[in-house]
Amino acid sequence: ENYALKHQWNINMRGVNHPQQINKQLCASFSLSNVLATIEKSSHLFNIVNVATAFSRLAKILSSTESSSKRGGGAMETKKKMNDNNKNSEKKELNVKVLFALLKRCKNVLRANDKKQLEPRHLSTILWSIGKMRLVMVFAIEEDFETFGEELVHVLDAISNVFVEYYEAKRQFNAQEISNLFWASAKIYGDASALKKKKKSSSCHHRRVLVVFEGVEDAIVRMQAPLQRMFAASKLNEWTTQGVSNVCWSLAKMLASETEGDGKKRMVWVVDDKCDLRKSISDAVEMGCSGPPAKRFNAQEFANVAWAMAKFNEAPNDEDANGGREVLVNKMALELKELLISETVKGRFESRHVANTFLAFAKVNQCAEDPKFWFKLKTLTKSAVLKNMNAHELSMVMVGVSLVNESNGEVGGEDDEEEDEELAYEVCRFFTKTIASYTDDTNNETDDDETGKVGLIANVLWALAKLPQLLGEIAKKQEKVFINEMLRVLEQSNGIANMNGRQASTILWSLAKIGDVVGFEDTGIKSTFEHFSRTHFCDARSSLFFKTKTDARSFSMILWAFSNGVPDVATNERAKDVFESAHKDLRKENFIDEFNARDLANVTEAFAKRLDTPEKVLKTIAKRAAEILDTFNAQELLKFLGALERAGGDVHKYEKLNELLRSKRTVKIPFPALGLVDESAIKLRSATPSNDASKQIDRVDDSCGGFGRQNTGVALWEGSRVLAEWISRLSTVDLHAFCSNDAKWKKLGEDGFFTPHLNARDAFFGKGKVGVELGAGLGLPSIVASKLGANVIATDGTCIFRFFTNSSRLVSYSLCFMFSYIRSG
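What counts as what
- Residues numbered from 1 in each chain as written.
- Predicted model: local features only at pLDDT ≥ 70, side-chain atom pairs only at ≥ 80, totals over all residues.
- Heavy atoms only, no water.
- Helix = DSSP H or I, 4+ residues; strand = E, 2+ residues; numbered from the N terminus.
- Contact = heavy atoms within 4.5 Å.
- Pairing = 2+ DSSP bridges.
- Right-handed = clockwise from strand over helix to strand, strands pointing away.
- Salt bridge = Lys/Arg side-chain N within 4 Å of Asp/Glu carboxyl O.
- Buried < 20%, exposed > 50% of the residue type's maximum accessible area, 1.4 Å probe, protein only.
- Core = buried A, V, L, I, M, F, W, Y, C linked by side-chain atoms within 4.5 Å.

With that settled, the discussion passes to the side chain of Asn 180. Mapped onto the elements of the fold, Asn 180 is located in helix α10 (residues 175-201). Discounting chain neighbours no more than four positions away, the residues touching Asn 180 are Ser 124 and Trp 128.

Okay, structure coming up:
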């Protein structure tokens, strides 16, 4: 009788509603409908194991479906698959409610915190699944987002609380679990931050919605310090290269999300006596780069770590660190470069890996400093790879080329320059072929500005504007098809009408720069400016483009672009509409308060070219400049003052500006090699130049139509100080010995141009020598040379040469020797 009762009890307990049986059903379900049916029927009976299994099955089934057209899927794809599971509208609604029921049950079992059942792997699985399914995004699509979102916040809060408790109780998480928690944290935090930013920028948003996103962020952030400490305390030999790649990518993703968010600092890297996250990352990357061949990064992991390196480089440095993230970035770059050069990366580099790697190293300025690596990277990116890239990947390479070119005008010799131009040319050629058929990524809800068609064109045009040598070749060969094709695609795809302020400012600024080099004839540049004006400013008085789509930076860039990108800007009617709208918006209350020094300088320079700026607008600008006067650097200040005068403003009417114009100060720069300390110091007296009608004093550069004011005599460059110091110490250089060891100068020594034991100071700058300094700026090297006895004429700007070229007494001594000496040393 007892046996019969026990047997019946086992049958009842191990029926369809028993947790073990439920788990078997979930594990045996390979279709979305079966998993959802089990959740709908039995979720109220789930224990933590069932909850984790249900989340895992949903995430894996949704991510394994081949209908996703993009790598990794997205929230829209997840929602589509959920809806496609049943075409009936009531069933579609039910699917989301089933997810809601699962979240509710998850919250309850986590809060119960049954330590006998709840294990680290369950926390890791649930959080990974929420990140994989992009549930933050999925629920954001729902009309009743607040209800669903708040339940998700409760779940994340519960996970965070249990995780912190387990950390404090020293519960062990293995490397895979730590990696999954890092990856999921980055996905969830990134989605919440991006959505919050979009909601804030929209004209209508509900405070309750923002509270949901902030709740998601806070729950994830609470986990980060314990998670980082776990990673640092774990044994390196337990980690796979994929795990290391995930940790690096996740930390970088969260830093990037915060940088692009609301500016509120939440993320903290743990650096103390017990844990130094930077060192742990550095050691892990070193293992993936120089460990045993089986333990080295594959191509995907390599690209992820390189991307993370670039994001670490962009993030603010830690205040309490000696060297901070810069040390980490340099170490990561060194290890990754050596791995790439050694050609021991596992697997084959696909186009997306190459594009990510190329842009990452360009961003951290590691290409210009290492010609061997730069050659390897270019070899990896040749035509065979380029032709397989999509428009997004090609735009990344194009931006990378421009960054390398900008960081160091030349990498190696002329052959390298030609190779760089050839690479950029090929990228442009393939980009113009692929952009027309490129389809915007509808799964990418967070980065539309960067990955949409308009954003990609903006990136490539920006990169082109940064490559004047390539533009020069395009102009010379009359191959403006690249530019015209991109502008045609922009117009046909309705991109001009749909662009936001950031995209508009980037595109228009780039076109103004490009037109300045290749010319405005035979290109669609001017018509693009006019099309933009017709679309957004057909009625200047009622246009809302500046008010609703731009910030101060994009506002100033658009005006600057019109003033430089429309050749007849002073009379062009379409440009007039844009400027009139700008005049109206600048007078709006508090808008001018967003402008910094650079914005004011750019806007004022643009107004100076139209010559019809209302006095009230100029007063508004001058008042703001006086308020932030201390934030101007020398170049911005001179640029602003000159432009304000040319636009019709009077700087003498404003007390702070007028006080600045009258102020003078003395700077002492010591040159010990010239003699005694007191006698060797050169004193420079500085003052802010301007025109003053009352004193009948004109600026010298007014002979150049005011052109020089924003470019000449503005600041004392560091290079000027270095050259001046070198000139003062020339007595230590034996020219004859130097020339004998340098092929470029050897013949001069053999011809007796430099006699033995004659030092460079006497040869170049001794008494009776005459010289000229080109591009002198403030002329400090000329002053030092004159102290040595030479007669030196300092020049800057092109207009001056109209006078000097007619002077028969001018002897131009070449300074090439000094630069050659510095470079060779």
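This is not the end of the story, as more comes after the structure.
Attention now goes to the pairing of strand β3 (residues 770-773). As paired strands, β3 and strand β4 (residues 791-794) are joined by 4 bridges and run parallel to one another. By the bridge assignment, Val 772 is partnered in β4 with Ile 793. A crossover links β3 with its parallel partner β4, the connecting element being helix α40 (residues 780-787), and its sense is right-handed.

Moving on: unusual backbone geometry. Look at Arg 134: it is not a glycine, yet its phi comes out positive at around 55°. Of note, Glu 343 is a non-glycine position whose phi angle comes to about 55°, a positive value. With respect to the element layout, Glu 343 can be found in the loop between α15 (324-342) and α16 (351-363).

Going through the model one piece at a time under the given rule, you end up with 22 salt bridges. Two residues, Arg 352 and Glu 350, come together in a salt bridge whose shortest N-O distance is 2.4 Å. Across the pair Glu 725 and Arg 729 runs a salt bridge, and its minimum N-O distance is 2.4 Å. Taking relative accessible area as the criterion, Glu 725 reaches 22% and is therefore assigned partly exposed. Several salt bridges share partner residues, and in doing so they unite Lys 311, Glu 314 and Lys 363 into one network.

Once that is clear, we can look at the nonpolar core. Within the largest apolar cluster, 218 residues are counted, with the highest numbers of intra-cluster contacts made by Ile 281 and Phe 312. Aside from chain neighbours lying at most four places away, what touches Phe 312 is Cys 248, Leu 251, Ala 252, Leu 255, Trp 269, Ile 281, Arg 325, Leu 328, Val 329 and Met 332. Membership of the second largest hydrophobic core comes to 17 residues, among which are Ala 724, Leu 730, Phe 764 and Leu 780.

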